[in-house]
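Listed below, chain by chain, are the residues.
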Amino acid sequence: MFRISTGIVVLATVLCVAAGSAFGHRLHAGLTDVTLNPSTGELEVVHRLYSHDLHPAIGFHGLDDSALYKTRESLARLGAWATPRFSMRVEGGE
């Protein structure tokens, strides 16, 4: 009787641990930080996105993405994707 109960506990534990890997997928999320630069007086907006979400959205399918953030053409590609998706407005203003 004790061996059957122990076996069930072990099996349940193994199944719970295995089920945890189903939650191992990274989040699909982004973070936007809006701050006022005290030096310049400019409003700075920074969008942070996970690269595994961004790459398919812009059609990038390579492994090394270091060049993606260095050239003007690549930055323009990122900007072309982001521009229609993000906007800001001020209540009662322009």
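Residues numbered from 1 in each chain as written. Predicted model: local features only at pLDDT ≥ 70, side-chain atom pairs only at ≥ 80, totals over all residues. Heavy atoms only, no water.

Asker: Go over helix 2 (residues 51-58) with me, naming the residues and quoting the values.
Answerer: Burial in helix 2 covers these residues: L54, H55 and I58. The arc that holds the buried residues of helix 2, viewed along the axis, is 100 degrees, so those residues lie on one side. Here the buried face of helix 2 lies against strand 2 (43-49) and helix 3 (72-82). The positive-phi residue at the C-terminal boundary of helix 2 is G59, with phi of around 80 degrees. (Buried < 20%, exposed > 50% of the residue type's maximum accessible area, 1.4 Å probe, protein only. Helix = DSSP H or I, 4+ residues; strand = E, 2+ residues; numbered from the N terminus. Arc of directions from axis to C-beta. Contact = heavy atoms within 4.5 Å.)

Asker: Explain the side chain of H55 residue by residue, including any values.
Answerer: Tracing the chain through its elements places H55 in helix 2. A polar side-chain atom of H55 sits 3.4 Å from a polar atom in the side chain of Y69. Discounting residues that sit within four places of it in the chain, H55 has contacts with F60, D65, L68 and Y69. (Polar contact = N/O pair within 3.5 Å; in protein donor to acceptor, adjacent residues only side chain to side chain.)

Asker: A description of the pairing of strand 2 should follow, citing residues and the corresponding values.
Answerer: Examined bridge by bridge, strand 1 (residues 30-36) and strand 2 share seven bridges and lie antiparallel to one another. Counted as the bridge partner of T32 is H47 from strand 2. The turn linking strand 1 back onto strand 2 is made up of six residues, and G41 within it adopts a positive phi angle of 75 degrees. (Pairing = 2+ DSSP bridges.)

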